[in-house]
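# Fold and geometry: a report
Each chain, written out:
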Amino acid sequence: MIDRMVAAYQFAAIDPYRAATHNKGIMNGIDPLIVATGNDWRAIEAGAHVWAVRKGHYTSLTTWEKDGSGRLIGTLELPMAVGIVGGATKTHPLAKLALKILNIHSAAELAQICVALGLAQNMAAMRALATEGIQRGHMALHARNIAIVAGAIGPTNRTASISPDVNDPGYRAVTFDELVTVYREQVEGLIEGGVDILLPETTFDTLNLKAALFAIEQVFEDTSERLPVMVSVTITDASGRTLSGQTTEAFWNSIAHTKPFTVGINCALGAHEMAPYIRELSRCSDTFVHCYPNAGLPNPLSESGYDERPEDTALALRDLAEQGLLNVAGGCCGTTPAHLEAIIEALRDCPPRVPEQRKITLRLSGLEPFEASDRTGQLVMVGERTNVMGSPKFKKLIKEDDFEGALSLARQQVENGANVIDVCFDEGLLDSEDCMRRFLNLLAVDPDIARVPVMVDSSKWTVLEEGLKCLQGKGIVNSISLKAGEEEFLKQARLCRRYGAAAVVMAFDEKGQAATVEEKVAIA
């Protein structure tokens, strides 16, 4: 599928506001606007016809209007797109999270509201329009090309790694499990709708992305079918980091276990500004690389809202392609069908990047990457003072509920050269799961500590799993073993991989700890 340079289409939901106000669609100018994620309220305010992919249908919501006070008609003032299929109402994952704010607890309740707002008056017409929309989407590209539909999976407006409350850094507005639930529903809908590729995109928090990838793997396992997955991150500025603080290579180490079809960068920056990060991603990854940048930086005085003309964006992407850095290219915010035509023409004769196999070694990440092979002849230093079983001071601070004081011990270890921080709360009088979650949430917002990988340490799987749900980087599980039998061991090993973690395997089996060389070899 990628035996030549592809620069075919602007992905769904990349810039709904621009597309709405300029009456442009996403695939060669299809009108009306198709929004696969439907999470930009500005598009609705602009009077767009918004479409949402739900259970195989593109469902029109019609144009929303404002009353005399400027408020949108109805009471659903939240960024959402509602699809109504076969009498049942489904919502975009972002909307589902927001429903709790409105005390709407079920799809049926939401359906009643939609009927009251006139959104479900003609189901037969909606289904017919949905079928036509899908057919037009597949036929949108030039007849000589193959149309490949990528189902966009947005980042939501919540972040699992950062607290929205500056006064409570340990608070999270969303949990990993909540994200997995809503992402799974979206993935199921996109697959049932016939997409060819799944595209988790505009990633500003790698933990959100890991939840999406976790949900995707759940669906693949349950259906025994797989689709290619393209993974796209957003580097927010010249710092070269995501909004949640990770560098490009640290990001890749966090999600490399999923073996994506492509990995790349979109949004926030133009191709010129993205260049060093595309170069870094091409260096550290062993899969195809994509890039769909903005049309330069925002400019409110420009007709499109961005600086670059079509030829500017095309030339910048061609420069990356000529360096052998790209396999797929396209456009994000501010790009138009004219931009895409220019990109296609400019990259038509460029050879695609050839991925290189990387040497096999242990690669971890916190906010920054860590590679064990970089320390030839040296030990990997694991700091264990944040372990209630090994540090009386840490244990005392935790029992006194002084988590800030406990964090200072972790900070000291990093300052003194620890490459990895071991965190353990295995103590009979502690709620180990709660302590693990609280401590790791606090640790995640301290960049001096969070820059190194974390080793979650416990003899209880539930505690280990609670820790893994808090890590945006690639950490280490300490430990798993054959103590509960091979079936349980394999289950835990697969989950370690799905969460994106390395694992320490202890020489235990159902009979106990291996004591002799022969026993250790037999277990290994």
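Before reading on, note that the structure itself is shown above.
Residues numbered from 1 in each chain as written. Predicted model: local features only at pLDDT ≥ 70, side-chain atom pairs only at ≥ 80, totals over all residues. Heavy atoms only, no water.

The next thing to look at is the sheet that holds strand β16 (residues 476–480). Spatial ordering of the open sheet is given by β13-β14-β15-β16-β17, a layout of five strands whose pairing is parallel. The outermost strands of the open sheet, each flanked by one partner alone, are β13 (382–383) and β17 (502–505). Sheet analysis places strand β14 (residues 420–424) next to strand β15 (residues 454–457), joined by four bridges and oriented parallel. Residue pairing across strands places V423 opposite V456, the latter belonging to β15. In this fold helix α16 (residues 461–468) packs onto β15 and β16, with an angle of close to 170° to the strand it touches most, β16. (Pairing = 2+ DSSP bridges. Helix = DSSP H or I, 4+ residues; strand = E, 2+ residues; numbered from the N terminus. Contact = heavy atoms within 4.5 Å. Axes fitted to C-alpha atoms, helices over the stretch in contact; angles between N-to-C directions.)

Here the focus is the packing of aromatic side chains. In the structure shown here, the tally under the stated rule is seven aromatic pairs. With a centroid separation of 5.7 Å and an interplanar angle of 40°, the aromatic rings of F176 and Y499 are classed as tilted. Pair noted here: F176 is in helix α6 (residues 176–192) and Y499 is in helix α17 (residues 486–499), with a separation of 323 residues, a long-range link. Residue classification places Y499 among the buried residues on the basis of a relative accessible area of 4%. Look at F394 and F425: their rings are 5.7 Å apart centre to centre, the planes differ by 40°, and that puts the pair in the tilted class. Residue F394 is found in helix α12 (residues 392–399), and its partner F425 is found in the loop between β14 and α14 (432–444); the two are separated by 31 residues along the sequence. Since its relative accessible area comes to 0%, F394 is described here as buried. Over the face of the ring belonging to F403 we find R438, whose NZ or CZ atom lies 4.0 Å from the ring centre. (Phe/Tyr/Trp six-rings, centres within 6.5 Å; stacked < 30°, edge-to-face > 60°. Buried < 20%, exposed > 50% of the residue type's maximum accessible area, 1.4 Å probe, protein only. Lys NZ or Arg CZ within 6 Å of the ring centre and 35° of its normal.)

Bringing helix α9 (residues 271–284) into the picture now. Within an α-helix, residues lying three or four positions from one another point in the same direction, as the helix has 3.6 residues per turn. For α9, built from 14 residues, the straight-helix expectation of 20 Å at 1.5 Å per residue is met to within 8% by its first-to-last C-alpha distance of 19 Å. Taking the largest bend as the criterion, α9 deviates by roughly 30°, centred on Y277. Buried within α9 we find A271, M274, A275, Y277, I278, L281, S282 and C284. Of the surrounding secondary structure, the elements contacted by the buried residues of α9 are α8 (248–255), β8 (262–270), β9 (288–294) and α10 (310–322). (Expected span 1.5 Å × (residues − 1). Bend = angle between axes of the 7 residues up to and from the residue.)

Attention shifts here to the packing of helix α7 (residues 206–223) against α17. One can describe the packing of α7 onto α17 by two numbers: an axis separation of 9 Å at closest approach and a directional angle of 135°. In this view, α7 runs oblique relative to α17, as classed from their interaxial angle. Facing K210, F214, E217, Q218 and E221 of α7, the residues of α17 in contact are L495, R498 and Y499. Looking at side-chain class alone, the contact of α7 with α17 contains three nonpolar, one polar and four charged residues. (Parallel < 35°, antiparallel > 145°, perpendicular 65-115°, else oblique. Nonpolar A, V, L, I, M, F, W, Y, C, P; charged D, E, K, R; others polar.)

It is characteristic of soluble globular proteins that their nonpolar side chains tend to be buried jointly. Counting residues in each nonpolar core, the largest one holds 97 residues, and the members touching the most others are F439 and L440. Broken down by element, the residue count for this core peaks at 10 residues, all from α7. Non-local contacts of F439, meaning those with residues more than four positions away in its chain, are made with T386, F394, F403, A406, L407, A410, V423 and F425. Formed by 12 residues, the second largest nonpolar core is a distinct cluster that contains I197, Y292, Y306 and C333. (Core = buried A, V, L, I, M, F, W, Y, C linked by side-chain atoms within 4.5 Å.)

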